Amino acid sequence: MTTSATSHPQTPHLKVALLGAGTVGSQVARVLLDSKDELALRSGVTLDLVGVAVRDVDAKRDYEIPRELLTRDADSVIDAADIVVELTGGIEPARTRILRALNAGTTVVTGNKALLAAHGRELQDAAAASGSQLSYEAAVAGAIPIVRPMRDSLAGDKVTRFLGIMNGTTNFILDQMDTTGAAFDDALAEAQELGYAEADPTADVEGHDAAAKAAVLASLAFHSTFTLDDVHCEGITAVTAEDVATAAEAGYVIKLLSVGERTEDGVNLRVNPVMIPRNHVLGGVHGAYNAVFVEAENAGSLMFYGQGAGGEPTASAVLGDLVSAARAIARGAEGIPLSDHAKLPAVSMDNVTTRMAITVTVKDRLGVLAQIAQVFADHGVSISTMHQTEDPKDQAISVLRLVTHTGRHRDLMDTVGALRELPVVAEVLSVIPVETGD
Ligand SMILES: NC(=O)C1=CN([C@@H]2O[C@H](COP(=O)(O)OP(=O)(O)OC[C@H]3O[C@@H](n4cnc5c(N)ncnc54)[C@H](O)[C@@H]3O)[C@@H](O)[C@H]2O)C=CC1
Ligand SMILES: N[C@@H](CC=O)C(=O)O
Ligand code: NA
């Protein structure tokens with residue numbers, strides 16, 4: 001930290017190094033450079049962007065960063081900085097670079113949920129050992145303040161559950177399929193164009209990004225360490241236009257939900273596509289918007305809503321962390337070590353209770369419905385509604401749409417397994433949990 005630079009002599013100056021100048025990084029650079037005076041007045045600290053480490057200094061960027069700031073030498077800018085902002089993504093070299101900064105006592109701000117969900121504990125320990133700060137508001141639900149409220153505002157409460165829409169790309173795709181009838185691939189291409197998707201959008205559509213966020217948020221909510229492997233994860237690639245249309249006919253909409261739920265034995269973490277009533281508050285979360293509900297013993301229900309992806313919204317979260325970290329450094333404060341003292345284990349899906357919408361095609365024979373009903377009864381699963389239509393392509397086949405009453409996940413999946421084995425069942429077309437909002 002210095003106080004000698006010329007433009008803002010009255011405030012302490014901090015050197016900021018930026019790693020990565022893509023969708024989010026270029027917007028962070030824009031705010032740091034274009035709003036430097038305003039940020040200094042607001043925070044009492046002048047943030048000097050001293051270097052931007054990139055792979056290609058000549059690449060075209062959303063915001064033109066002065067050429068003299070760009071470098072391919074990440075280590076030099078890290079070593080020269082008071083605060084390092086990591087926005088390159090992925091595990092390596094991001095992990096090594098962040099550790100280099102933290103081990104040297106340098107504050108780090110990152111949006112890298114993939115890294116945090118894999119090596120979060122290692123990074124927290126490095127920060128604790130050197131007294132440096134590690135902040136990552138952008139890593140969960142983009143612009144929405146949720147990491148800080150979970151870490152600080154709810155530190156005196158006991159969180160019992162969070163659930164929400166935490167991936168902008170998949171919400172955008174599902175919303176486009178629902179509202180415009182767009183094809184999956186076209187909606188994904190548009191989400192990529194708008195800067196919502198990860199560098200490899202497989203992470204979005206397979207649910208890994210939402211699962212990483214669930215692990216990061218759960219670690220804070222339940223004072224334990226969870227990784228990506230602890231999250232039951234199903235993406236949206238198996239969701240068809242027919243599923244979306246069928247859900248719509250029944251007054252439902254399909255959303256990719258991320259849930260962290262305290263149980264008797266630990267914490268269940270899951271990400272999967274779920275049918276929710278169209279008039280449910282999560283049914284009204286459109287485009288790349290995200291929403292997170294949190295339930296805590298004393299606070300009751302809380303809801304957080306906002307833009308979950310995109311360069312500018314995500315830059316807002318990064319800048320919030322930056323200003324906050326700068327203020328702490330200026331006061332001489334160290335980072336706050338994050339404890340995982342509760343050490344709650346991740347528990348499997350087996351005992352999670354849910355309702356399930358199951359669509360099967362059956363051979364249209366006498367007694368087929370009785371056979372189907374028997375399979376459900378054998379597994380202790382009760383059917384709530386059943387709707388039979390003729391397959392327009394084949395009159396010998398019927399399409400059966402069933403919705404169950406609430407049952408244990410394991411019983412429901414065993415039922416589906418038994419249906420697959422039943423000779424009268426031609427195909428199990430889809431199996432989607434139903435959230436009733438009760
Ligand atoms: N795009 C979004 O809406 C959000 C992104 N994030 C996270 O923010 C981070 C950045 O995301 P985006 O800006 O969207 O990604 P991006 O792919 O647009 O930008 C990453 C940039 O880093 C550069 N880069 C990659 N490896 C590098 C290396 N080894 N050295 C120097 N530069 C390197 C790439 O060339 C690219 O320009 C990721 O961790 C992502 O998960 C978090 C919240 C929202
Ligand atoms: N790819 C992510 C970006 C924000 O975290 C998403 O679509 O939500
Ligand atoms: Na956030």
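The name given to the protein in an unreviewed UniProt entry is Homoserine dehydrogenase, with the source organism recorded as Kocuria carniphila. Of the protein, the UniProt comment under Function (unreviewed entry) reads exactly: "Catalyzes the conversion of L-aspartate-beta-semialdehyde (L-Asa) to L-homoserine (L-Hse), the third step in the biosynthesis of threonine and methionine from aspartate." Regarding the protein, the relevant UniProt record gives this comment under Cofactor (unreviewed entry): "a metal cation".

On to the pattern of salt bridges. Using the criterion set out here, one finds 20 salt bridges in the structure. Here Arg 100 ties to Asp 79 by a salt bridge, and the two come within 2.6 Å at their closest N and O atoms. Here Asp 79 lies in helix α3 (residues 74-80) and Arg 100 lies in helix α4 (residues 94-103), a separation of 21 residues in the sequence. Its salt-bridge partner being Asp 125, residue Arg 121 comes within 3.3 Å of it at the nearest N-O pair. Of this pair, Arg 121 and Asp 125 are both found in helix α5 (residues 113-130), 4 residues apart, which corresponds to roughly one turn of the helix. Owing to a relative accessible area of 41%, Asp 125 belongs among the partly exposed residues under this scheme. Within this structure, Lys 113, Glu 198, Asp 209 and Lys 213 form a network of salt bridges that share partners.

So, on to the side chain of His 409. Checked against the element boundaries, His 409 lands in helix α14 (residues 409-421). Given a relative accessible area of 11%, His 409 falls into the buried group. Ignoring sequence-local partners within four residues, the contact set of His 409 consists of Met 349, Asp 350, Val 352 and Met 356.

All right, on to a negative patch on the surface then. Taken together, the side chains of Asp 185, Asp 186, Glu 190 and Glu 193 define an acidic patch exposed on the protein surface. Summarising the element assignment, Glu 190 is placed in helix α8 (residues 184-193).

On to the pairing of strand β15 (residues 394-404). Relative to β15, strand β13 (residues 353-363) is paired through 7 bridges, and the arrangement is antiparallel. Note on β15: the bridge partner recorded for Val 362 is Ser 398. Between strand β14 (residues 383-391) and β15, which pair antiparallel in sequence order, lie 2 residues.

Okay, the domain arrangement of the protein next. Split by domain assignment, the protein resolves into domain 1 (5-135 + 312-331), domain 2 (147-307) and domain 3 (353-434). With centres defined by C-alpha atoms, the gap from domain 1 to domain 2 works out at 27 Å. Taken together, the contact between domain 1 and domain 2 spans 11 residues of the former and 13 residues of the latter. In this assembly, domain 1 packs against domain 2 so that about 870 Å² is buried in total across both faces, 56% of it on carbon and sulfur atoms. For domain 1, the biggest contributors to the area lost against domain 2 are Lys 113, Ala 117 and Pro 313; these three give 56% of the whole. Our count for the contact surface shared by domain 1 and domain 2 stands at 3 salt bridges. The residue Asp 209 makes a salt bridge to Lys 113 at a minimum N-O spacing of 3.3 Å. Where domain 1 packs against domain 2, one counts 5 residue pairs in polar contact (both at pLDDT 80 or more). Of all the secondary structure elements, the ones that give two or more residues to the side of domain 1 that touches domain 2 are α5 and α12 (311-330). Here the element with the most residues in the side of domain 1 that touches domain 2 is α5; it accounts for 6 residues. Class assignment of the residues belonging to the side of domain 1 that touches domain 2 gives a composition of 5 nonpolar, 3 polar and 3 charged.

What follows concerns the sheet that holds strand β5 (residues 107-110). With parallel pairing, 6 strands are arranged side by side in an open sheet as β3-β2-β1-β4-β5-β6. Every other strand in the sheet has two partners, leaving β3 (70-71) and β6 (134-135) as the edge strands with one partner each. Bridge count for β5 against β6 is 2 bridges, and the pairing is parallel. Paired with Val 109 across the bridge in β6 is Ser 135. Relative to β5, α4 is tilted by about 150°, and along the sheet it contacts β1 (13-19), β4 (83-86), β5 and β6.

Thr 23, Val 24, Arg 97, Glu 198 and Gly 310 are the nearest of the 22 residues found near ligand 1. Glu 198 is positioned with one of its side-chain polar atoms (N or O) 2.7 Å from an oxygen atom of ligand 1. Measuring from an oxygen atom of ligand 1, one finds a backbone N or O atom of Gly 310 at 2.6 Å. Relative to its free-state accessible area of 820 Å², ligand 1 is covered by the protein chains to the extent of 84%.

Conventions we followed
- Residues numbered from 1 in each chain as written.
- Chains lettered and ligands numbered in written order.
- Predicted model: local features only at pLDDT ≥ 70, side-chain atom pairs only at ≥ 80, totals over all residues.
- Heavy atoms only, no water.
- UniProt positions renumbered as here; feature names shortened; annotations may be inferred.
- Salt bridge = Lys/Arg side-chain N within 4 Å of Asp/Glu carboxyl O.
- Helix = DSSP H or I, 4+ residues; strand = E, 2+ residues; numbered from the N terminus.
- Buried < 20%, exposed > 50% of the residue type's maximum accessible area, 1.4 Å probe, protein only.
- Contact = heavy atoms within 4.5 Å.
- Patch = residues over 30% accessible without salt bridge, like charges linked within 9 Å, V, L, I, M, F, W, Y side chains within 5 Å.
- Areas by Shrake-Rupley, 256 points an atom, 1.4 Å probe, with all protein chains shown as cover.
- Lys, Arg positive; Asp, Glu negative; His and termini not counted.
- Charge placed at Lys NZ, Arg CZ, Asp CG, Glu CD.
- Pairing = 2+ DSSP bridges.
- Domains from an automatic or database assignment.
- Buried area = accessible area lost by both parts, 1.4 Å probe.
- Polar contact = N/O pair within 3.5 Å; in protein donor to acceptor, adjacent residues only side chain to side chain.
- Nonpolar A, V, L, I, M, F, W, Y, C, P; charged D, E, K, R; others polar.
- Axes fitted to C-alpha atoms, helices over the stretch in contact; angles between N-to-C directions.
- Near = heavy atom within 4 Å.

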